[in-house]
Amino acid sequence: MERCVSQPNPEKILQTGLAFWASKTLLSAVEIGVFTELAQGAEGFEALSGRLGLHARSARDFLDTLVALGFLQRDGDRYSNTPETDLFLDRRKPSYVGGILEMANARLYPFWGHLTEALRTGQPQNEVKSGGTGMFETLYADPARLKGFLAAMSAISHGANMTIARKFPWSNYKTFVDVGTAQGDLAVQVAVANPHLRGNGFDLPEVAPIFEEYAAAAGVADRLSFIPGSFFDRDLPKADVVMMGHILHDWDLPTKQMLMRKAYEAIPTGGALIVYEAIIDDDRSKNAFGLMMSLNMLIETPGGFDYTGADCAGWMKDAGFSSTRVEPLVGPDSMVIGIK
Ligand SMILES: C[S@@+](CC[C@H](N)C(=O)[O-])C[C@H]1O[C@@H](n2cnc3c(N)ncnc32)[C@H](O)[C@@H]1O
């Protein structure tokens, strides 16, 4: 029987090459506030495009593109959110994940436009390029951008945080510290799911009020406190478990190794280090998001890069950890656990 050999076709190439059209349409819809507007109820075309300030030339194309992409629904002339966009893209809801999309729209989209230059020079293409200081210093100088960035981190990490809070054997431990805690979503999820635990969030001083507000809103401020400081200038706060989410990928190898050593020093024998990121698969051929996140670290940092589970386990062993294991979390994220 003749074997059917599929002919090569350019579909996936063209789809990926022009995928930024769909991304930018969604990013502009978040920027304009389409889903927050429609969270109040379905609206007719004229009223909606008027309230959003859309020019008549392209208003219907724009809204119908969102329908075709599955982010809006339309019944006759009336537009409404889908259950997903209503829950996750309405700025007024605590389930809002638009923080990362707002940051992608304002910062990453224009910066990624210079990826070719970054690949040729090895230089970051963000605020640092136009003479700004480090990414965090530049962002944190502006309270609105600080709040936006920290909320974006909660949005991108929330799924992994919920899983770590439920999957890791917390009954063996009493205390934890989340290094580079940002708004504190991981620390809060761990504290909420494990009432026997006490913990700290450790981060740069500017982050304190945003963390404390978030912990108080979750009702865990009695068991969760903020410790201000820089991990370049001091030892890490002591705890049974040290956690680092999207921290190591920001830095070059010597800094990654320094943070590993400091984590090792901060925990007792039997204590644990949890590192989580979009850990690249050891064969470096499947986790496209993890690999692109590493390209994002090229765009955003002077020396940061993402890595495989085997890389991380090796650095942990070099730092003295006696055993390591890699566990999947959600989506592209995994955690690497080192036991002292
Ligand atoms: C990419 S964010 C990750 C936030 C959070 N852990 C997560 O996974 O969503 C990196 C965090 O590291 C913090 N950070 C940067 N430099 C630091 C330093 N020198 N000492 C302590 N924290 C620092 C930033 O303020 C930020 O909250």
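Residues numbered from 1 in each chain as written. Predicted model: local features only at pLDDT ≥ 70, side-chain atom pairs only at ≥ 80, totals over all residues. Heavy atoms only, no water.

Visitor: Describe in detail the domain arrangement of the protein, supporting the description with residues and values.
Guide: Assigned domains of the protein: these are domain 1 (11-88) and domain 2 (152-339). On a C-alpha basis, the centres of domain 1 and domain 2 stand 35 Å from each other. (Domains from an automatic or database assignment.)

Visitor: Give a description of the site of the ligand that names residues and reports values.
Guide: Around the ligand, a shell composed of 18 residues is seen, among which Y140, S157, G180, D203 and H246 lie nearest. Measuring from a nitrogen atom of the ligand, one finds a side-chain N or O atom of S230 at 3.0 Å. H246 places a polar side-chain atom, nitrogen or oxygen, 2.8 Å from an oxygen atom of the ligand. Coverage of the ligand by the protein chains reaches 95% of its 600 Å² of free accessible surface. Residue assignment for the shell around the ligand shows that the elements contributing at least two residues are α9 (135-140) and α10 (143-167). When its residues are assigned to classes, the shell around the ligand shows ten nonpolar, six polar and two charged. (Near = heavy atom within 4 Å. Polar contact = N/O pair within 3.5 Å; in protein donor to acceptor, adjacent residues only side chain to side chain. Areas by Shrake-Rupley, 256 points an atom, 1.4 Å probe, with all protein chains shown as cover. Helix = DSSP H or I, 4+ residues; strand = E, 2+ residues; numbered from the N terminus. Nonpolar A, V, L, I, M, F, W, Y, C, P; charged D, E, K, R; others polar.)

Visitor: A description of the side chain of T301 should follow, citing residues and the corresponding values.
Guide: Considering the arrangement of structural elements, one finds T301 in the loop between α14 (288-300) and α15 (309-319). Its relative accessible area of 5% is what places T301 among the buried residues. Setting aside chain neighbours within four positions, we find T301 in contact with P124 and D250. (Buried < 20%, exposed > 50% of the residue type's maximum accessible area, 1.4 Å probe, protein only. Contact = heavy atoms within 4.5 Å.)

Visitor: Break down the pattern of salt bridges for me, citing the residues and quoting the values.
Guide: Within this structure, the stated rule accounts for 16 salt bridges. Ionic pairing is found between D90 and R92, a salt bridge with its closest N-O pair at 3.9 Å. A salt bridge links K147 to E213, with the shortest nitrogen-to-oxygen separation between them at 3.5 Å. Taken as a pair, K147 in helix α10 and E213 in helix α12 (residues 208-217) lie far apart in primary sequence, 66 residues in all. Salt bridges sharing partners connect three or more residues here, namely R107, E127, D142, R145 and E300. (Salt bridge = Lys/Arg side-chain N within 4 Å of Asp/Glu carboxyl O.)

Visitor: Outline the sheet that holds strand β1 (residues 43-44), supporting the account with residue identities and numerical values.
Guide: Strand order in the open sheet formed by three strands is β1-β3-β2, with antiparallel pairing between adjacent strands. Strands at the two margins of the open sheet, each flanked by one partner only, are β1 and β2 (72-75). The pairing of β1 with strand β3 (residues 78-81) spans two bridges and is classified as antiparallel. If you follow G44 over to β3, its bridge partner there is R78. (Pairing = 2+ DSSP bridges.)

Visitor: Which residues make up the nonpolar core, and what values do they have?
Guide: When a protein is soluble and globular, its nonpolar side chains tend to lie buried together. W170, F176, L224, V241 and I274 are the most contacted members of the largest nonpolar core, which totals 46 residues. The greatest single-element share of this core, amounting to nine residues, is contributed by α10. Excluding residues that lie within four positions of it along the chain, F176 makes contacts with W170, A187, V190, A191, L197, R198, G199, N200, L224, A239, V241 and M243. Core analysis: the next-biggest nonpolar cluster, separate from the first, contains 27 residues, A239, M244, V275 and F321 among them. (Core = buried A, V, L, I, M, F, W, Y, C linked by side-chain atoms within 4.5 Å.)

Visitor: Outline α14, listing residues and values.
Guide: Taking 1.5 Å as the rise per residue, α14 with 13 residues should run 18 Å; its terminal C-alpha atoms sit 18 Å apart, in good agreement. Where α14 is concerned, the buried positions are G290, M293, S294, N296, M297, L298, I299 and E300. On the buried face of α14, the contacting elements are α7 (98-112), α8 (115-121), α9 and α10. (Expected span 1.5 Å × (residues − 1).)

Visitor: Mind laying out the packing of aromatic side chains, listing which residues take part and the relevant values?
Guide: Applying the stated criterion to the full structure yields 14 aromatic pairs. Centre to centre, the rings of Y264 and F321 are 5.1 Å apart; their planes meet at 80°, and the pair counts as edge-to-face. Note that Y264 is positioned in helix α13 (residues 253-266) and F321 in the loop between α15 and β9 (323-328), a separation of 57 residues in sequence. What makes F321 buried here is its relative accessible area of 2%. In textbook terms, an aromatic cluster arises when at least three aromatic residues are bridged by ring pairs, as seen for F136, Y140, F149, F231, F232 and W251. (Phe/Tyr/Trp six-rings, centres within 6.5 Å; stacked < 30°, edge-to-face > 60°.)

Visitor: Go over the pairing of strand β5 (residues 198-203) with me, naming the residues and quoting the values.
Guide: Counting buried positions over the six residues of β5 gives five, a clear majority of the element. Following the chain from strand β4 (residues 175-179) across helix α11 (residues 185-193) to the adjacent parallel β5, one finds a crossover that is right-handed. Since β5 and strand β6 (residues 224-228) lie parallel, the crossover through α12 that links them has a hand, and here it is right-handed. (Right-handed = clockwise from strand over helix to strand, strands pointing away.)

Visitor: Explain the side chain of E43 residue by residue, including any values.
Guide: With respect to the helices and strands, E43 occurs in strand β1. A relative accessible area of 11% places E43 in the buried class. Sequence-distant contacts of E43, that is, excluding residues within four places in its chain, are made with E37, L38, L48, R51, D77, R78 and Y79.

Visitor: I'd like a description of unusual backbone geometry, backed by residues and values.
Guide: Its identity is not glycine, yet A182 carries a phi of approximately 55°, on the positive side. Summarising the element assignment, A182 is placed in the loop between β4 and α11. Given the relative accessible area of 10%, A182 is considered buried.

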